[in-house]
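Examining the three-dimensional arrangement
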Protein chains: 2
Amino acid sequence: MNKMHKEHNLTKNQKIIFDLIDKSSQPLKAYSILYNVQKKGIKAPLQVYRALDKLVEIGKIHKIESRNAFIACHNSSCQVAKATAFTICEICEKVTEISSTGLSKYLANFKDKDGMKYSKYNLEFFGLCKKCTLK
Amino acid sequence: MNKMHKEHNLTKNQKIIFDLIDKSSQPLKAYSILYNVQKKGIKAPLQVYRALDKLVEIGKIHKIESRNAFIACHNSSCQVAKATAFTICEICEKVTEISSTGLSKYLANFKDKDGMKYSKYNLEFFGLCKKCTLK
DNA sequence: TTACATAGTGTTATATTATAACAACTAAAA
DNA sequence: TTTTAGTTGTTATAATATAACACTATGTAA
Ligand SMILES: [Zn+2]
Ligand SMILES: [Zn+2]
Ligand SMILES: [Zn+2]
Ligand SMILES: [Zn+2]
């Protein structure tokens, strides 16, 4: 998984927390992570947040800002932690990372009124996933 | 201001809080709003959050998710609370709402892998504003 | 090797952001 | 008038995130 990512030798806590997020099918919240890793010796919020910060920084995970939750990056072409896009289902809360060359090119080239480029961005789409649409 | 918006007869608290946000040159955080309106009789966080929720719902303000802050909508063409885009300066924290027909059309028409459309979205660009670039 | 720098850890305490629950009030529709 | 939906005021509490400090591991350079 994430074969395209530069290998960052994760530390013990970083590895424990990344593995948990990576195995999860949906985004995890910091305190839910904490409860799940207490048996592995991680006892305090700060230990979790420090690992999360690092993992976000190196692009192994992303934060879903509107949900205060974290998801593993499974998008080998994403510009590590700099340009992220997701779809979020408002019913089942399923989150999927978008991997679209067209979208990322469009956004990376977007200029504001002053002609400024902002190559770092976060985009969150909301709506219904396929499953929930059929219900 | 916001002449294009449907008039929603704001209640007392909603008006107090909207006026404060509307006058501000930068996004305001909930508790900063609270401190600023205590002299007007709004004493509890819930009173602020309830007004904020309503104002977001009717599109008079937007939440900047990555900053947990609120900004008045000054974009007459934005699709009320459904499709928002901002630039955020990582140095001075200046936030500007983007009003680009091209961008909003592109995003409103974006389809994911399954061909699903998600007309509601929030996009936050990060980088340096003009001022901070020149420093 | 030693010294130093950099990054990570463990811990306690605290700050910040947000919601639950309930009683009371207001305005407008039926 | 009765009812309804929405808003208000209030207390308490939940959920999310950081400050500060002492200590430990690891790599690098003298
Ligand atoms: Zn990614
Ligand atoms: Zn769904
Ligand atoms: Zn707007
Ligand atoms: Zn700036």
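Here's what I pulled together on the structure shown here. (Residues numbered from 1 in each chain as written. Chains lettered and ligands numbered in written order. Predicted model: local features only at pLDDT ≥ 70, side-chain atom pairs only at ≥ 80, totals over all residues. Heavy atoms only, no water.)

So, on to the side chain of Glu124(B). The topology assignment puts Glu124(B) in strand β6 (residues 120-127). Within the buried set, Glu124(B) has no salt-bridge partner at all; the shortest N-O distance to an opposite charge, 5.8 Å, is to Arg67(B). Of the polar contacts made by the side chain of Glu124(B), one reaches the backbone nitrogen of Glu65(B); its length is 2.9 Å. In terms of polar contacts, Glu124(B) uses its side chain to reach the side chain of Ser66(B), at 2.6 Å. Aside from chain neighbours lying at most four places away, what touches Glu124(B) is Lys120(A), Tyr121(A), Asn122(A), Lys63(B), Ile64(B), Glu65(B), Ser66(B), Phe86(B) and Ile88(B). (Helix = DSSP H or I, 4+ residues; strand = E, 2+ residues; numbered from the N terminus. Buried < 20%, exposed > 50% of the residue type's maximum accessible area, 1.4 Å probe, protein only. Lys, Arg positive; Asp, Glu negative; His and termini not counted. Salt bridge = Lys/Arg side-chain N within 4 Å of Asp/Glu carboxyl O. Polar contact = N/O pair within 3.5 Å; in protein donor to acceptor, adjacent residues only side chain to side chain. Contact = heavy atoms within 4.5 Å.)

This next bit is on the coordination of the zinc ion (ligand 2). All names here are of chain A. Around the zinc ion (ligand 2), the protein contributes the donor atoms Cys 89 (SG), Cys 92 (SG), Cys 129 (SG) and Cys 132 (SG), which lie 2.2 to 2.4 Å from the metal centre. Taken together, the four donor atoms coordinating the zinc ion (ligand 2) and their angles of 106 to 115° define a geometry best described as tetrahedral. Within one chain, the residues serving as donors to the zinc ion (ligand 2) are arranged as C-x2-C-x36-C-x2-C. Judged by relative accessible area, Cys 89 falls into the buried class, the value being 2%. In this structure Cys 92 comes out as partly exposed when scored by relative accessible area, which is 40%. (Donors = N, O, S within 2.8 Å, 3.2 Å for Na, K, Ca; no water. Tetrahedral: all angles 85-135°; square planar, octahedral: opposite > 155°, others 65-115°.)

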